[in-house]
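Spelled out from the first residue to the last, the chains are:
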Amino acid sequence: MAATISRHVFSKMKDLSCPNSNLWKVAKVIQKRCLLSPAFSCNKEWESRLSEPVLSKINTDVLMSQLFIQFEKNGAATAVDMEAFSSKIADVHATQLYLVETLLQKFRKCSQAVSAIESMSHGVIRGYLQLNQAERLLPILQDKLNYGIFPDDTSFCLLLDHFIEKGDLESAVKISIEMMLQDDMTHNAGRLLALYACSKYLEENKESLLAAFTDDNKPQLDDDEDDYVVQRFIPMHNFDDHFDITDEKRLFGRTLDLIGRHGTDCPIHQSYLLIGLALHEDFDKLFSLLEAYIENPENCQQFYREVLQVIELSLAACRFKTETIVREPGSELKEDSEYNARHSLEEKESYIAKYQDMKAKLDETPLIDENLLSDTQELVTKGLQDSLQADIQAYRDQLNTWSEIRKQNIKLQERAFSLKGKQQLLDEKIKELTEKEELLNYFEKQNEISLALLRTGKPVEEVGEVDDTEYVAEPGKRGKKGKLGV
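Quick caveat: nothing in here was measured; it's all calculated off a predicted structure.

A word on the overall build of the protein
If you tally the helices and strands in the protein, you get 22 helices and 2 strands. The burial tally for the protein puts 41% of its 486 residues in the buried class. Long-range contacts, defined as pairs at least 24 residues apart, comprise 76% of the intrachain contacts of the protein with a sequence gap of at least 6. Approximately 28900 Å² of the protein is accessible, and the part contributed by carbon and sulfur atoms is 52%.

In structure tokens, the structure reads:
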């Protein structure tokens, strides 16, 4: 019996050691699913919110048709209706999501877009996730000008957890970049998930991300004959080093930079801060931090030795400009400002030389030789567990707040509709009284009416003779037949 058990255990251990075995695949799935607790999504609270009287009575297809009619008739739809519709997107068939995206575009461009409710973006994101269409969200989130979807903290966490669980690190990094662009890394769970995704992506794509720079990718100047185009205004492109970044490496570095700045004061966050500055090519700030550590390592935060390798590769991969592009006013391109913001070749060479001098001193300072990625995963796992209950409670409170906001907005909308209806009745009554007054005062204001008609350019038509029974003359002329207007 003991021998049988030993052989069974040995066979299972052998299966587990094989990367292609079923046990290995199960272990990988469990590892992925244990990153963020399923309780974080608060599915029961979300379903309870959808069972509220206002939302439970909504027929999604009917509401979607009514919204299209409102846009066609009035050119706008109310923010309350769009928020209610976003909460029911999960009831829309996946083949009809293009209609949802059309409605989002129409609403973004209408006058009511300024009143957009935060829960609308959250409802859109949860709806797409429930339909397993998260990939379609990426271009929508990246095009905020046309769709206007701004994720909240919980939405970012749900998106990051979804892509990490699927093993789609590239999409998870894109979500992290969206967090960076919104300049919001204060939420603990979202920041940790973004750190996990970026650290794994950096480890798996270090060679391609930090490939040696070979092409200057300079915008081409047009040598052909100039084509003059009327401009409403002269664009003055100014590279802001945030929203205007298009380079993948610099976007990734900017993200790690903000993660490290907003993280806890520990060697891991300090290491990713330095890596972020290197990838972002902000070498002045990077070298100032390294010099401060060399001069006084006891009073500065330690970092991992792996950071030095990334700095070397980033310096080699740094894109430089060969010249400053200058165009005529009004013909500048957005790409010109980003290209002109690069370091020159001389600056790049000076940075490399400066780092070589610092490298010898850094080798003599105490650095951490442990594996940065494994320590990062432990930090993320522990941090998510520690803040889980607080994050869940915050999400529940947020759902309750959104429900109260919806109720208040519905009351305000009903009051506005009631006032609008009363105003229409008053306008109709005033119009009716005005017409009666004109009939009663016709003879007193006959000359004024004739002059008004003449001013319009239309001839005053004479009306034929009528019987006394059909026509009542003005006082003093009664009993006499004549023509109207004479």
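Focus on the pattern of salt bridges
In total, this model carries 20 salt bridges according to the counting rule given. Between arginine 319 and aspartate 247 there is a salt bridge, with the nearest N and O atoms lying 3.8 Å from each other. Of the two residues, arginine 319 sits in the loop between α18 (306-316) and β1 (320-321) while aspartate 247 sits in the loop between α14 (206-209) and α15 (248-262), which places them 72 residues apart along the sequence. Given a relative accessible area of 16%, aspartate 247 falls into the buried group. Among the charged side chains, a network of salt bridges with common partners joins Arg49, Glu52, Glu83 and Arg406.

Digging into the packing of helix α6 (residues 79-87) against helix α7 (residues 97-108)
The description of two packed helices rests on the angle between their axes and on the distance between the axes. Running from N to C, α6 and α7 cross one another at 155 degrees; their axes reach a closest spacing of 12 Å. Judged by the angle between their axes, α6 and α7 are roughly antiparallel. The handedness of the crossing between α6 and α7 comes out as left-handed. Residues Ala79, Met82 and Phe85 of α6 touch α7, and the partners they reach there are Val100, Leu103, Leu104 and Phe107. Along the lines of polarity and charge, the residues of the contact of α6 with α7 split into 7 nonpolar, no polar and no charged.

Quick word on the packing of aromatic side chains
Applying the stated criterion across every chain, the model contains 5 aromatic pairs. Aromatic pair tyrosine 201 and phenylalanine 252: ring centres 5.6 Å apart, planes at 55 degrees, arrangement tilted. Pair noted here: tyrosine 201 is in helix α13 (residues 188-204) and phenylalanine 252 is in helix α15, with a separation of 51 residues, a long-range link. Side by side, tyrosine 201 and phenylalanine 252 carry an identical accessibility label, which is buried. Taken together through their ring pairs, the aromatic side chains of Phe283, Phe287 and Tyr351 make up a single cluster.

Comments concerning the confidence of the model for the protein
Of all residues in the protein, 80% have pLDDT values of 70 or greater, and the mean over the chain is 81. Mean pLDDT per element in the protein: helix α2 (residues 22-33) is the minimum at 40, and α7 is the maximum at 95. For residues 1-33, every residue scores under 50 in pLDDT, and the model assigns this stretch 14 contacts once sequence neighbours within four places are set aside. With pLDDT under 50 throughout, residues 462-468 is counted as low confidence; its partners more than four residues away or in other chains account for 9 contacts.

Focus on the environment of aspartate 81
By secondary structure assignment, the location of aspartate 81 is in helix α6. A relative accessible area of 18% means that aspartate 81 is categorised as buried. The spatial distance from the C-alpha of aspartate 81 to the C-alpha of isoleucine 410 is 9.2 Å, given a sequence separation of 329 residues. Apart from the residues within four sequence positions on either side, aspartate 81 is in contact with Leu63, Leu67, Gln70 and Gln413.

Overview of the nonpolar core
Judged by nonpolar contacts, the single largest core of 112 residues is most densely connected at Ile149, Phe252, Ile275, Leu286, Leu290 and Phe303. Counting residues per element, this core draws most heavily on α13, which supplies 10 residues. In contact with isoleucine 149, not counting residues within four places along its chain, are Leu104, Met120, Ser121, Val124, Ile125, Ile140, Leu141 and Lys144.

Description of α7
Between its first and last C-alpha atoms α7 spans 17 Å; for 12 residues at 1.5 Å apiece the expected length is 16 Å, and the two agree. Burial in α7 covers these residues: Leu97, Val100, Glu101, Leu103, Leu104 and Phe107. One side of α7 carries all its buried residues, which in axial view fall inside an arc of 155 degrees. Considering only its buried residues, α7 is in contact with α5 (60-74), α6, α8 (118-130), α9 (137-142) and α10 (144-147).

Here we look at the environment of isoleucine 352
Among the structural elements, isoleucine 352 can be located in helix α20 (residues 345-364). On the basis of relative accessible area, isoleucine 352 is assigned to the partly exposed category, the value being 30%. In this structure, the C-alpha to C-alpha distance between isoleucine 352 and leucine 315, residues 37 residues apart in sequence, is 6.4 Å.

So, the packing of α6 against helix α21 (residues 372-440)
Contact geometry of α6 with α21 gives a least axis separation of 10 Å together with a crossing angle of 140 degrees. It follows that α6 is oblique to α21 by the angle criterion. At the point where α6 passes α21, the crossing takes the left-handed sense. Between α6 and α21, the residues in contact are Val80, Asp81, Glu83 and Ser87 and Arg406, Asn409, Ile410 and Gln413, respectively.

Some thoughts on a negative patch on the surface
A contiguous patch of negative charge, built from Asp284, Glu346, Glu347 and Glu349, is present on the exposed surface. Element by element, the count of residues in the negative patch is highest for α20, at 3 residues. Note on placement: glutamate 349 falls in helix α20.

Brief notes about the side chain of histidine 162
Along the chain, histidine 162 turns up in helix α11 (residues 153-166). With residues near it in sequence (within four places) discarded, histidine 162 still touches Leu129, Asn132 and Ala134.

About the criteria used
- Residues numbered from 1 in each chain as written.
- Predicted model: local features only at pLDDT ≥ 70, side-chain atom pairs only at ≥ 80, totals over all residues.
- Heavy atoms only, no water.
- Helix = DSSP H or I, 4+ residues; strand = E, 2+ residues; numbered from the N terminus.
- Buried < 20%, exposed > 50% of the residue type's maximum accessible area, 1.4 Å probe, protein only.
- Contact = heavy atoms within 4.5 Å.
- Areas by Shrake-Rupley, 256 points an atom, 1.4 Å probe, with all protein chains shown as cover.
- Salt bridge = Lys/Arg side-chain N within 4 Å of Asp/Glu carboxyl O.
- Axes fitted to C-alpha atoms, helices over the stretch in contact; angles between N-to-C directions.
- Parallel < 35°, antiparallel > 145°, perpendicular 65-115°, else oblique.
- Left-handed = near helix turned anticlockwise from the far one by under 90°.
- Nonpolar A, V, L, I, M, F, W, Y, C, P; charged D, E, K, R; others polar.
- Phe/Tyr/Trp six-rings, centres within 6.5 Å; stacked < 30°, edge-to-face > 60°.
- pLDDT = per-residue confidence, 0-100.
- Core = buried A, V, L, I, M, F, W, Y, C linked by side-chain atoms within 4.5 Å.
- Expected span 1.5 Å × (residues − 1).
- Arc of directions from axis to C-beta.
- Patch = residues over 30% accessible without salt bridge, like charges linked within 9 Å, V, L, I, M, F, W, Y side chains within 5 Å.
- Lys, Arg positive; Asp, Glu negative; His and termini not counted.
- Charge placed at Lys NZ, Arg CZ, Asp CG, Glu CD.

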